[in-house]
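Residues per chain are reported as follows:
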Amino acid sequence: MALRDKILIVEDQFVEANHLRLMLKNAGYTVSGIARSVEDAKASIRQEKPGLVLLDIFLSGKGTGIDLARYLKEENIAFIYLSANSDEDVLNKAKATHPYGFLVKPFREKDLLVTMEIAQYHQEHGLESLFRKELFFQKQLKAMSGSQLSLQDGLLNIVRALQPLIPFDFVVLKTTDDGPDSINGFLRISYNEYQSIGVNEFQVITKLKMHEMQSWFANENTSTAITLHCGDDFEAAGSSGMKQAVAKYFGMHSHISLPVKPANGQHSLLQFHFFSRQPFGFDEEHLVLSERLQGSLAQATAALITQCHKNNSSDAATAPAPNIIPSPGTEEGFYGIVGTSPLLLKVFDDVTQVAASDTSVLILGESGTGKERIAEIIHRLSPRAGHPMVKINCAALPPNLIESELFGHEKGAFTGALDRRTGKFEQASNGTIFLDEIGEMPLDMQAKLLRVLQEREIDRIGGKVPIKVNLRIITATNRNLEKEVAEGRFRLDLYYRLNVFPIQLPPLRERTEDIGILTRHFIAAYSRKTAKNVRYISDAALKNLLTYHWPGNIRELENLVERSVVLAKGDSIEEIPLPVSRNIFLPAEKEELHIRTIEENEKSHILAVLKKCNGRIRGNGGAAEILGVPPTTLASKMKKLGIRREFRE
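Just so it is clear, the structure is predicted and the values come from calculations on it, not from any experiment. Residue numbering note: each chain is counted from 1, following its sequence as written. Only residues with pLDDT of at least 70 get local features here, since the model is predicted, and only at 80 or more are side-chain atom pairs given and counted; chain-wide, interface and lining totals rely on the full set of residues. Processing note: side-chain calculations cover all non-hydrogen atoms of the structure and skip hydrogens and water entirely.

*Asks:* So what exactly am I meant to see when it comes to the packing of aromatic side chains here?
*Replies:* Aromatic ring pairs: the centre-centre distance and the angle between the two ring planes describe each pair. Aromatic pairing here means that ring centres of Phe, Tyr or Trp (its six-membered ring) are within 6.5 Å. Orientation follows from the plane angle: under 30 degrees is stacked, over 60 is edge-to-face, and everything else is tilted. For the structure on display, the rule yields 15 aromatic pairs. A centroid spacing of 4.6 Å and a plane angle of 70° characterise the contact between Tyr191 and Phe334, whose relative ring orientation is edge-to-face. Residue Tyr191 is found in the loop between strand E7 (184-190) and strand E8 (193-197), and its partner Phe334 is found in the loop between strand E12 (324-325) and helix H12 (342-355); the two are separated by 143 residues along the sequence. Using a 1.4 Å probe on the protein chains alone, a residue whose accessible area is under 20% of its type maximum counts as buried, one over 50% counts as exposed, and one in between counts as partly exposed. Given the relative accessible area of 1%, Phe334 is considered buried. Each ring, one from Phe202 and one from Phe250, has its centre 5.7 Å from the other, and the planes form 65°; the classification is edge-to-face. By definition, any uninterrupted DSSP run of H or I lasting at least four residues is a helix, any uninterrupted run of E lasting at least two residues is a strand, and each is numbered from the N terminus.

*Asks:* Just checking my understanding: could you explain the pattern of salt bridges for this structure?
*Replies:* Side-chain pairs of opposite charge can arise whenever the charged atoms involved come near each other. Any Lys or Arg side-chain nitrogen located within 4 Å of an Asp or Glu carboxyl oxygen qualifies as a salt bridge. This structure, assessed with the given rule, holds 25 salt bridges. Ionic pairing is found between Lys6 and Glu48, a salt bridge with its closest N-O pair at 3.1 Å. Of this pair, Lys6 sits in the segment before strand E1 (7-10) while Glu48 is found in the loop between helix H2 (38-47) and strand E3 (52-56), placing the two residues 42 residues apart along the sequence. Residue classification places Lys6 among the partly exposed residues on the basis of a relative accessible area of 26%. A salt bridge links Lys391 to Glu376; the nearest nitrogen and oxygen atoms lie 2.3 Å apart. Taken together, the positions of Lys391 in strand E14 (residues 389-393) and Glu376 in helix H13 (residues 371-381) put the pair 15 residues apart, joining distant regions of the chain. Through salt bridges with shared partners, a single ionic network connects Glu372, Arg373, Glu376 and Lys391.

*Asks:* Help me understand the packing of helix H19 (residues 515-530) against helix H20 (residues 539-547), please; the structure alone is not making it clear to me.
*Replies:* Think of two packed helices as two axes; the pair is described by the angle between the axes and how far apart they sit. Axis separation between H19 and H20 bottoms out at 10 Å; the angle between their running directions is 125°. The angle between H19 and H20 places the two elements in the oblique class. In this structure, the crossing between H19 and H20 has a hand that is right-handed. On the side of H19, the interface is formed by Ile515, Gly516, Thr519 and Arg520, while H20 contributes Leu542, Leu545 and Leu546. The axes used here are C-alpha line fits, helices contributing only the stretch in contact, and every angle between their N-to-C directions lies in the interval 0 to 180 degrees. Our angle categories are set so that under 35 degrees counts as roughly parallel, over 145 as roughly antiparallel, 65 to 115 as roughly perpendicular, and the remainder as oblique. In this scheme the crossing of two helices becomes right-handed for a clockwise turn of the near helix relative to the far one and left-handed for an anticlockwise turn of less than a right angle. Every residue pair with non-hydrogen atoms within 4.5 Å of one another is taken to be in contact.

*Asks:* What should I look at first to understand the sheet that holds strand E21 (residues 501-504) in this one?
*Replies:* Strand pairing within a sheet occurs via backbone hydrogen bonds; the two strands may be parallel or antiparallel. The parallel open sheet is built from five strands, whose spatial order is E14-E17-E20-E13-E21. Looking at which strands have only one partner, the edges of the open sheet turn out to be E14 and E21. Across this sheet, the average inter-strand angle for adjacent strands is 15°, counted without regard to direction. A pair of strands is considered paired only if DSSP assigns at least 2 bridges between the two. Bridging between strand E13 (residues 361-364) and E21 involves four bridges; their strand directions are parallel. Its bridge partner being in E21, Leu364 is matched across the sheet by Gln504.

*Asks:* Looking at this structure, how should I read helix H21 (residues 553-567)?
*Replies:* Helical periodicity: at 3.6 residues per turn, an α-helix aligns residues three or four positions apart in one direction. The terminal C-alpha atoms of H21, which comprises 15 residues, lie 22 Å apart, in line with the 21 Å expected from a rise of 1.5 Å per residue. Burial in H21 covers these residues: Asn553, Ile554, Glu556, Leu557, Leu560, Val561, Ser564 and Val565. For H21, the angular spread of buried residues about the axis comes to 165°, placing them on one side. As for H21, its buried residues are in contact with H19, H20 and strand E23 (572-573). Here, expected helix span is obtained from the residue count minus one, scaled by 1.5 Å. The directions from the helix axis to the C-beta atoms are what the arc is built from.

See the structure below:
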């Protein structure tokens, strides 16, 4: 349904609601109704489903706009928030529902109409992206049919195809009428690389005896319903059986169970158990998606099992599958990016998902995290790879030349314009333009960039005719754009236009497991470059690297390793001199210095403990135990201080 067809306004202030209705009517939109509460809105939706809901956060009666937003997500209805309240906690709760836009009161008619256009853009590209991913998954399943694979290799191919749709760190496949011998587990250890975990591996890792394994798996729930367990729910669900083993020995904190009955009806129920290391690695959208995937998985698993039975009957001496199935490709890591941490693997998944489309990408991360490299890979994997990729550092452009640099100028357009100049946008036609440090762009240029995004055309300075451009825009920043928007330094409409598909790059201090891999990679690279025979790093030097906070991230690590290779006198780096202030971490954006209240200090301390516990409140090592208070007391305190129970970072 097009957003212009029917708009529902959910606003408890009559004057504001009526004013909204008139603005929309004048712009050619159809308003299906006005609701003052969550109950009124649901009744209106049942009577006439709208294409979009304009939703105030604070409403009369029971429930808030955020509560209604969750219902709208279930009904697949787009919505835009309206609010005069810019409280950070409210904003975080609103963001968690993934709105199509956010209007801060008071707003102009132009702001409303631009936001409506962005919502249309989000809806079209969001549905298109989801459809494309599911279609690609179906094609992968179809390509597997009739293949001469072992059962283990076939199941691995299926779970590999599922990874972009259900972002798991570990998956266990188990039939419901067999013991632990029926287990096939795959632990993700790198991009597209998985370690096979069968019953023998389970026993080695958990040190359980066979009868203990049988007891654990015998108690596993065999429900035919799709289930989701996150955070505290996961802890409660994992009190016995397989989930407890996976939580304890593999460090997983959330779970989706997806039961599949092979389509031929001749085989027992197959349970896909997806696990994530993140306490809230899965959400309700993954549940809905799992329901849609059940039918396809039933057909694929039935075909695989039938084919394997045929293969076994014709050739009983099938070679065992390798323990680790390597990823394709010749480059080290993911197109030259080295690392295996879960946060980095999620970035790789995001890149592969978005690369094939023309969707705008916003790459977020601190300086030195590799934003430009990620942009290059997106271009390389896209259909535009054969065309130019033009890079621009917005922070390095002089304010008086930025428009000419981006859009070009005609001869004589201004003093010193002796020749016609082709701007960067024209140079990138049919390819990709990468705008680095987009947060540094002046407000007047932001408005012109927004027009380019909307109209797909540019105006040369001094030109008389607009020039159409066909390109993809990728942007990057180390700034908090939401803070920039709130403080009036970045346009809200441009932010939403750019933020169609955000990719958050983790800082190096949050992926310490990659520091050793990166260090050895840089040692090898700079040893070749300098024609030296440096091959090792001492344990003491590596330990110092692991305890450093890395304000300069990967770029800083690379520079330090390069210097150490040059200075090394033998085949080993014995010491890497780190900055004196290595125990002091200064974030990229310094907070304003102010005296905190007691409540602010209390909230900050609780958040720090929750982060350390990965959001876990109860149990051994949980936040309540560390803080020395009962879990119920902590939960009450969190509610009072506005800390979400589903806290995660």
